[in-house]
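# Inside the fold
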Amino acid sequence: LPPGFPLVGTDLGLSKIFADGVPPPFSEIVGTPYYLAPEAYYQNYDQKVDLWAAGIVLHMLLTRRPLIEADSLQEAVNVLRPGFDPKPLLNKLAGAPDSSASPKVSEKALALLKGLLEPQPVLRIGAADAVDLCKEWAAEARCGAKGLVRPTTDTGQCLLAPAPERQSSQDM
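Residues numbered from 1 in each chain as written. Predicted model: local features only at pLDDT ≥ 70, side-chain atom pairs only at ≥ 80, totals over all residues. Heavy atoms only, no water.

A few words now on the nonpolar core. Counting residues in hydrophobic clusters, the biggest one holds 29 residues, and the most contacted among them are Leu-67, Leu-112, Leu-116 and Leu-117. The contacts of Leu-67, once residues within four sequence positions are left out, are Ile-56, His-59, Phe-84, Pro-86, Leu-89, Leu-90 and Leu-117. (Core = buried A, V, L, I, M, F, W, Y, C linked by side-chain atoms within 4.5 Å. Buried < 20%, exposed > 50% of the residue type's maximum accessible area, 1.4 Å probe, protein only. Contact = heavy atoms within 4.5 Å.)

Below, the structure is given as structure tokens:
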């Protein structure tokens, strides 16, 4: 996408309004299996399934591939059931060479992916943490594109890279 181009995705067909902001546990299995969090198969889940689905979408955007390479929908359902752990797949992204088949993913993006795709809902990051990680990732990417070092934590301004140390002729 070009810089400044907003990307918005919505599907309100299965949305629920939480009374007093507290979601009840959900029990119906609904959604597209490729995006369905493992805990949904237990038929006792909460809003963290949406964070899992966001992680699946983010993985696809970063790698141009689905998290699970399945030949059929049933195969994907069988893989994504409770007990599925995406960490080995995500760890491969950290050291992947730059290529269209398997691009290397930045540390901040990988931290976000791992937080969203945590298989245990109680350990999965919340929406506020996901937003914070997105901001850090965006700031890091913005500074890197300018050839600068990472942003400061308090202002978000990019810092100039320190000049490389020069070797003196005595060191050679």
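Looking now at the packing of aromatic side chains. Evaluated as defined, the whole model comprises 1 aromatic pair. On the basis of an interplanar angle of 80 degrees and a centroid distance of 6.4 Å, the ring pair of Trp-52 and Phe-84 is categorised as edge-to-face. Of the two residues, Trp-52 is situated in helix H1 (residues 48-63) and Phe-84 in the loop between helix H2 (73-79) and helix H3 (87-94); the sequence distance between them amounts to 32 residues. For Trp-52, a relative accessible area of 0% translates into the label buried. (Phe/Tyr/Trp six-rings, centres within 6.5 Å; stacked < 30°, edge-to-face > 60°. Helix = DSSP H or I, 4+ residues; strand = E, 2+ residues; numbered from the N terminus.)

A positive phi angle, near 60 degrees, is found at Arg-64, a position not held by glycine. Counting through the fold element by element, Arg-64 comes out in the loop between H1 and H2. In this structure Arg-64 comes out as exposed when scored by relative accessible area, which is 55%.

With respect to the helices and strands, the residue Gly-83 is situated in the loop between H2 and H3. Here Gly-83 falls in the exposed class, since its relative accessible area comes to 76%. Here the alpha-carbon distance between Gly-83 and Pro-38, two residues 45 residues apart in the chain, equals 7.2 Å.

What follows covers the packing of H1 against helix H4 (residues 107-116). Two numbers describe how H1 lies on H4: the axes approach to 8 Å, and their chain directions differ by 145 degrees. In terms of crossing hand, the pair formed by H1 and H4 is left-handed. On H4, the residues that touch Leu-51, Trp-52, Ala-54, Gly-55, Leu-58, His-59 and Leu-62 of H1 are Ala-109, Leu-112, Leu-113 and Leu-116. Residues that form the contact of H1 with H4 fall into these classes: 9 nonpolar, 2 polar and no charged. (Axes fitted to C-alpha atoms, helices over the stretch in contact; angles between N-to-C directions. Left-handed = near helix turned anticlockwise from the far one by under 90°. Nonpolar A, V, L, I, M, F, W, Y, C, P; charged D, E, K, R; others polar.)

Examined against the element boundaries, Glu-118 turns out to sit in the loop between H4 and helix H5 (127-145). Taking relative accessible area as the criterion, Glu-118 reaches 9% and is therefore assigned buried. Within the structure, Glu-118 has its side chain in polar contact with the side chain of Lys-87 (distance 3.1 Å). At a separation of 3.1 Å, a polar atom in the side chain of Glu-118 contacts the main-chain amide nitrogen of Gln-120. Excluding residues within four positions of it along the chain, Glu-118 makes contact with Trp-52, Lys-87, Leu-123 and Arg-124. (Polar contact = N/O pair within 3.5 Å; in protein donor to acceptor, adjacent residues only side chain to side chain.)

Applying the stated criterion across every chain, the model contains 3 salt bridges. Among the salt bridges present, the one from Arg-124 reaches Glu-39, with a minimum N-O distance of 2.7 Å. Of this pair, Arg-124 sits in the loop between H4 and H5 while Glu-39 sits in the segment before H1; the two residues are 85 residues apart in sequence, bridging distant segments of the chain. Glu-39 shares its class with Arg-124; the two are buried. With its nearest N and O atoms 3.1 Å apart, the salt bridge here joins Lys-87 to Glu-118. One end of the pair, Lys-87, is in helix H3; the other, Glu-118, is in the loop between H4 and H5, with 31 residues separating them in the sequence. (Salt bridge = Lys/Arg side-chain N within 4 Å of Asp/Glu carboxyl O.)

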